[in-house]
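Here is how the chains run, residue by residue.
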Amino acid sequence: MPEYRWPDRNERQVLGKRVSRLDGPDKVTGKAKYTSDVNLAGTLHAKFLRCPHAHARVTSIDTSAAESLPGVKAVRVIQGPGKEVQWSLDDIAVVAAVDEATAEDAVRRIAVEYEVLPHLVNEDDLGKAGDRTKPASEQVKGDPDQAFQDADAVVEGEYGIPVITHCCLEPHGQVIDWSGDTLTAYQSTQNISGMANQFAQPLEIPAANVSIVQDHVGGGYGSKFGADSWGLETARLSRETGRPVRNFLERDAELFVAGVRPSGFARIKVGAKKDGTLTAWEAESWGTSGLSGGGISMQVLPYVINPPNVRKKHTGIATNTGPARAWRAPNHPQTCWLTFAALDDLAARLEMDPLDFYLKNLNLTERPDLYRKQLIRAEELMGWRKKWRPRGQETTGPVKQGLGLAFHTWGGRGHNSTARLVVDPDGSVSVSMGTQDIGTGTTTVIAMVAAETFGLPVNSIKVNTGRSPDYPRSGPSGGSTTVGGVCAATRRACQLALEELFEKVAPRLGVEPSELEAASGRIRVKGKPFRSLTWKQAASRLGVTPLEVTGRNISASRRASDGKLIDSGVAGVQMAEVSVDTETGVVKMKKFVAIQDCGLIVNEKLADSQVYGSLIMGISSALTEERIMDERTGSLLNGEMEFYKLAGLGDIGQLVVEMWKDAEQDARGVIGLGEPPVIAPVGAIGNAVANAIGVRVPRAPFIPRRVLAALEEKGGLYA
Amino acid sequence: MKAFEYASPTTKEQAIQLLGAQWEEAEVLAGGTDLLSLMKTFGATPRRVVDIQGIREFQGIDYIASSGLRLGALATLSELIDHPAAQKNYPSLVQAAGGVRSQQIQSFGTIGGDLCQRPRCWYFRNGLGYFPKDASGQDLVRQGENQYHAILGNSGEAAFVSASSLGPPLIALGATLRIFSKDGSRELPVAEFFRTPQQESDRETILNPGEILGEIHVPPAGQVLNATYEVREKEALDWPLVTASVTLKLNEGKVEQARIVLGHVAPIPWNAVQAAKGLAGKAIDEDTAAEAGAAAVAGATPLSRNGYKVQLARVAVKRAILNAVMGGA
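Residues numbered from 1 in each chain as written. Chains lettered and ligands numbered in written order. Predicted model: local features only at pLDDT ≥ 70, side-chain atom pairs only at ≥ 80, totals over all residues.

Okay, the overall build of chain A next. Looking only at helices and strands, chain A has 18 helices and 30 strands in total. By the burial criterion, 57% of the 719 residues in chain A qualify as buried. Considering only residue pairs separated by 6 or more positions, chain A has 80% of its internal contacts joining residues 24 or more positions apart. (Helix = DSSP H or I, 4+ residues; strand = E, 2+ residues; numbered from the N terminus. Buried ≥ 20, exposed ≤ 12 C-beta atoms within 10 Å, placed from the backbone. Contact = placed C-beta atoms within 7 Å.)

Right, dumping it as structure tokens:
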């Protein structure tokens, strides 16, 4: 068995290069087909009747008028009389009809009566949660009471961030074609290999008879791992009608029932010594994940920086709202903001530059050395020392400038993945894996790893993904685990294939297999590059039988022989510069610096791109993004993109992204990147706002209403 | 969307024949940026859609120095933004149209459509009407999420804000509009076009179901300085929190005549008459502009969550006045 490792840095031909994504041209020309573009002959359209109440019991349902409408092929009741519905827009019934309009008309003909029950949909005020609270037990470390007594500075504050939604541009949905005893699901998903069983078990069909198909996906962010209740209903409709059935959620349902991020609020007290040494932390946090209570996880609060004395308590609040799903770096963005807001207020009380405060306390983190280096580099790119002024600066004019920072961590170990590699006698190479490219460039990095290992051009590698069971299993794209999983599996498969190929080629070149290497499109004798065969000539030695091998990445495996293909655990530092108009409360991004490590960087262009996308998502969450519920009716008020406010180009400012490329990190192998850079923006931006206006805006997003309210409470920069 | 009949007349006479006596019978389609989204959510369910885009005489923008600016109701926001004479003489109009931060809406949305668009109130858009109430009769807006609602003109039931971006500058510029019906046409000041609905069956304008808004006439700007200032939460597509449009006629550095009209603060564009009068005879500087801003919101009656809009309105008026004088945007 070969020794699995990456080539030395100075020997790499492809890895680390700025290779443009292979699916780019298809995406920009519209040639790329997303699941929502799938249009099979004879397709029926599904529409759901959704509950208008936040909490109600169905007392009666009459579908006869819908059933008798011409063009309607099936009507199914999902939650009939007696069922207790726990959030608005939940599925009550579904119709399949020959076109979308007919299905919608039919849905409106279904008569449902409800017994309306009491609801709670807003959790920002813990005092109003009543019997909806689900407190967890208090956790204590060290002696927080003594530590607060001994502290030279103690600051208390209340901070929060509301529920936001995944807001996938391509909504959740599928086209299901149930034909005979096989089911083909064209599914918008980030979990190709894990999908078949989710259809098979509830529908009582052998998993082997379920095929999953997807070529491109328009966003998932952690919300598209499941078959979903509506996916199963769509399948049942297909079985019942014998025709393909298509279902994609309406925007309001997409925003409300298909995935949200838990909210996080906390009253936080922090204490430090005069010299800035952080000694004590106390937090009472709350939030919601929907009916389950939940909210943010106490395990990552305080975030990244762990003082010796800690007391914490969390209360989940059960709300009648759509259930939370994993949202890009679950828990981290919220607890990062809560933590760095409190610490920033403490630094201000100590009259310390927060940069110095954090440098002083890095021993309380797991990566003090890396954070230190990254903070110093971020300082250079931002010009922090030159620009930074203490809070409450006396400058003329209503527009104030401010700087803020926060940093983060994430795991990102590659998941279980199996790659099937085929080298055909004509020299063509394909890598097949039941993974998915959720816009991160997965197919491109697979091709790059194969190209690097074989010494071939990237575009000569054919990568097959997005099919199950056709291609070997790979993991879901969550937790930033894909890049490590697919790269390690591909590398192993390629190295195994080379070993076999060298056996075939060695006699021809009159050397031992171990004396051969693959480089520059040739198989050649190490140190004697002129003794070689072209890749094509070498492949022809296979005769008529293609060479097929599989390479696996086993996430839990840390055998020494695995070498350093992948690792887990990253840092990352971010700094924000904002301007705040103190007369209008409008916050504008000026500049944002993100320093990010992720071990060995497979493709620096795609890595940059991941960070840019993360920052834009983070800026939305900081400046405008918020789910807004009407407490009286229990319904979602901003279920349309005109009201659910995402940042556009004009809102983003200058983004400065620098990937961390030192030899020490590179030697760790590939680590996932999708999540870490989305964590710190709200913290960095929130602190920049506080620095600019001299007062904390305690809750995100930092919209004019909240900025002006914070200024007014302070005594007002405006009359 | 409810199934409907589609008609595409090419003359205003044909179009008028196709309209009904009730709103449910027919709706006028121009750019479609508002009507289509309302129809998709059953916020509008006309039996017939009368597409007036083929009516040539409602198209285009013409400028003659002696008579002013004629805006066809079908001219798009983009046409207005790109029109050199509008840019030079009526910056308040161009700035207001530019505040509609969607390239798609600028390209498809029409000037007439901007004036006729329905409220953006999220209770209204969720099908709860002008005066949303819960089952027990409680006022949802006043007890709910009213952060984007009215701070002025809200003493009656209505608390939504007029959605028009162009209404305020057109009123400040003294524009008139022409409405066509079976009985011929009538011309009236844009200021009289808007009204606060008193019952759910009312509309936010004086247009009757059988009428079509055809064109708008803006008098010559002459030496009238004008500007619009808008406050939004984001730069990308977003509805204004507050806008202020002002016109100022100066004589030897002193204000001879002023108009100040606020947008998105009341169910109609809000003509701040007293604030404008207060400017008469004064030179414009930071202080007089700020005084006018304060006067414009003197009678404000904010709701539980929109007190901040009083501050925004005050500042928007001040900045619009200063921008008008400095010629800035």
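Read on, since the account is not over.
Moving on, we come to the overall build of chain B. The helix and strand tally for chain B stands at 12 helices and 12 strands. Across its three principal directions, the C-alpha atoms of chain B cover 60 × 55 × 35 Å. In chain B, buried positions account for 52% of the 329 residues.

Attention now moves to unusual backbone geometry. Residue and element names in this part refer to chain A. Backbone torsion omega between Leu 301 and Pro 302 reads 0 degrees, so that peptide bond is classified as cis. Mapped onto the secondary structure, Pro 302 falls in the loop between β17 (278-287) and β18 (309-317). Geometrically, the link from Ala 700 to Pro 701 is a cis peptide bond, its omega value of -5 degrees lying close to zero. Examined against the element boundaries, Pro 701 turns out to sit in the loop between α17 (681-693) and α18 (704-714).

Now for the domain arrangement of chain A. All names here are of chain A. By the assigned domains, chain A splits into domain 1 (9-32 + 414-562), domain 2 (35-118 + 172-248) and domain 3 (326-411 + 568-714). Distance from the C-alpha centre of domain 1 to the C-alpha centre of domain 3: 38 Å. Taken together, the 23 residues of domain 1 in the interface contact 18 residues of domain 3. Contributions of two or more residues to the side of domain 1 that touches domain 3 are made by α12 (442-454) and α13 (482-509). Per-element tally for the side of domain 1 that touches domain 3: the top contributor is α13, with 5 residues. The residue makeup of the side of domain 1 that touches domain 3, split by class, is 7 nonpolar, 12 polar and 4 charged. (Domains from an automatic or database assignment. Nonpolar A, V, L, I, M, F, W, Y, C, P; charged D, E, K, R; others polar.)

On to the environment of Arg259(B). All names here are of chain B. Looking at the element boundaries, Arg 259 is found in strand β11 (residues 254-263). Take Arg 259: there are 25 C-beta atoms within 10 Å of it, and that puts it in the buried class. In this structure the C-alpha to C-alpha distance between Arg 259 and Val 273, which are 14 residues apart in sequence, comes to 7.0 Å. Look past the residues within four positions of Arg 259 in its chain and what remains in contact with it is Ala 172, Val 246, Thr 247 and Ala 276.

All right, on to α18(A) then. Along α18(A), the positions that sit buried rather than exposed are Pro704(A), Arg705(A), Val707(A), Leu708(A), Ala710(A) and Leu711(A). Where α18(A) is buried, its residues contact β28 (573-581), β29 (587-597) and α17 of chain A together with β9 (225-231) and α12 (308-326) of chain B.

Residue and element names in this part refer to chain A. In spatial order, the strands read β24-β25-β26; together these 3 strands make up an open sheet with antiparallel pairing. Lying at the two open borders of the sheet, with one neighbouring strand each, are β24 (516-519) and β26 (528-534). Recorded for the sheet is a direction-independent mean angle of 35 degrees between the axes of neighbouring strands. In this structure, strand β25 (residues 522-525) lies alongside β26, joined through 4 bridges in antiparallel fashion. Note that in β26 the partner of Val 525 across the bridge is Lys 528. (Pairing = 2+ DSSP bridges. Axes fitted to C-alpha atoms, helices over the stretch in contact; angles between N-to-C directions.)

Taken together, the contact between chain A and chain B spans 29 residues of the former and 23 residues of the latter. Top element by residues in the side of chain A that touches chain B is α18(A). It accounts for 4 residues. Class assignment for the residues of the side of chain A that touches chain B results in 13 nonpolar, 8 polar and 8 charged.

Residues and elements named next belong to chain A. Relative to the elements of secondary structure, Leu 405 occurs in strand β19 (residues 399-407). In this structure Leu 405 comes out as buried when scored by C-beta crowding, with 27 C-beta atoms within 10 Å. Taking C-alpha positions, Leu 405 is 16 Å from Ser 614, a pair spaced 209 residues apart along the chain. With sequence-adjacent residues up to four places away left out, Leu 405 is seen in contact with Pro 354, Leu 355, Val 573, Gln 574, Met 575, Ala 684 and Asn 687.

The subject of this paragraph is the sheet that holds strand β5 (residues 68-72) of chain B. Residues and elements named next belong to chain B. Taken in spatial order, the 5 strands of this open sheet run β4-β5-β8-β6-β7, and their pairing is antiparallel. Either end of the sheet is taken by a strand with one partner, and the two such strands are β4 (61-64) and β7 (184-189). Looking at each pair of strands side by side, their axes are set apart by 20 degrees on average, direction ignored. The sheet contact formed by strand β6 (residues 176-181) and strand β8 (residues 212-218) spans 5 bridges and is antiparallel. Looking at β8, one finds that Phe 180 is bridged to Ile 212.

Let's shift gears to helix α11 (residues 286-296) of chain B. Owing to its 3.6 residues per turn, the α-helix aligns residues three or four sequence positions apart on the same side. Residue and element names in this part refer to chain B. Of the residues making up α11, those classed as buried are Ala 289, Ala 292, Gly 293, Ala 295 and Ala 296. Viewed along the axis of α11, the buried residues span an arc of 165 degrees, placing them on a single side of the element. Every exposed residue of α11 that faces more than 90 degrees away from the buried side is listed here: Glu 286 and Asp 287. (Arc of directions from axis to C-beta.)

What follows deals with the confidence of the model for chain B. Note: predicted coordinates in regions of low pLDDT should not be interpreted at a detailed level. Averaged over all residues, the pLDDT of chain B equals 96, while 99% of them reach at least 70. Predicted complex, confidence summary: ipTM 0.97, pTM 0.97. (pLDDT = per-residue confidence, 0-100.)

With that out of the way, let us pick up the pairing of β6(B). Residues and elements named next belong to chain B. By the bridge criterion, 6 bridges tie β6 to β7 in an arrangement that is antiparallel. Considered in β7, the bridge of Ile 179 is made with Arg 186. Following β6, the chain reverses through 2 residues before pairing antiparallel with β7.

Let us now look at the environment of Gln201(A). Turning to its location among the elements, Gln201(A) is positioned in helix α5 (residues 196-203). Residues Gln201(A) and Val140(A) lie 61 residues apart in sequence; the distance between their C-alpha atoms is 43 Å.

A few words now on the nonpolar core. Core analysis: the largest hydrophobic core is formed by 315 residues, its most contacted members being Val95(A), Val689(A), Ile260(B) and Ala313(B). The biggest single contributor to this core is α13(A), with 12 residues. With residues up to four places along the chain from it excluded, the contact list for Val95(A) reads Ala46(A), Lys47(A), Ala66(A), Val72(A), Val75(A), Ala103(A), Ala106(A) and Val107(A). (Core = buried A, V, L, I, M, F, W, Y, C linked by C-beta atoms within 7 Å.)

A pair of packed helices is captured by two measures, namely the crossing angle of their axes and the spacing between those axes. Residue and element names in this part refer to chain B. Where α11 meets α12, the closest approach of the two axes is 7 Å, and the angle between their N-to-C directions is 140 degrees. With respect to their mutual orientation, α11 and α12 come out oblique. In the packing of α11 onto α12, the handedness of the crossing is right-handed. Contacts between α11 and α12 involve Ala 289, Ala 290, Ala 292, Gly 293, Ala 294 and Ala 296 from the former and Ala 313, Arg 314, Val 315, Val 317, Lys 318, Ile 321 and Leu 322 from the latter. Partitioned by chemical class, the residues of the contact of α11 with α12 number 10 nonpolar, 1 polar and 2 charged. (Parallel < 35°, antiparallel > 145°, perpendicular 65-115°, else oblique. Left-handed = near helix turned anticlockwise from the far one by under 90°.)

Where α18(A) contacts α12(B), the two axes come as close as 9 Å, and the packing angle between them is 95 degrees. With respect to α12(B), the axis of α18(A) lies roughly perpendicular. Along the contact surface, α18(A) presents Pro704(A), Arg705(A), Leu708(A) and Ala709(A), while α12(B) presents Tyr308(B), Gln311(B) and Leu312(B). A breakdown of the residues in the contact of α18(A) with α12(B) according to their chemical character gives 5 nonpolar, 1 polar and 1 charged.

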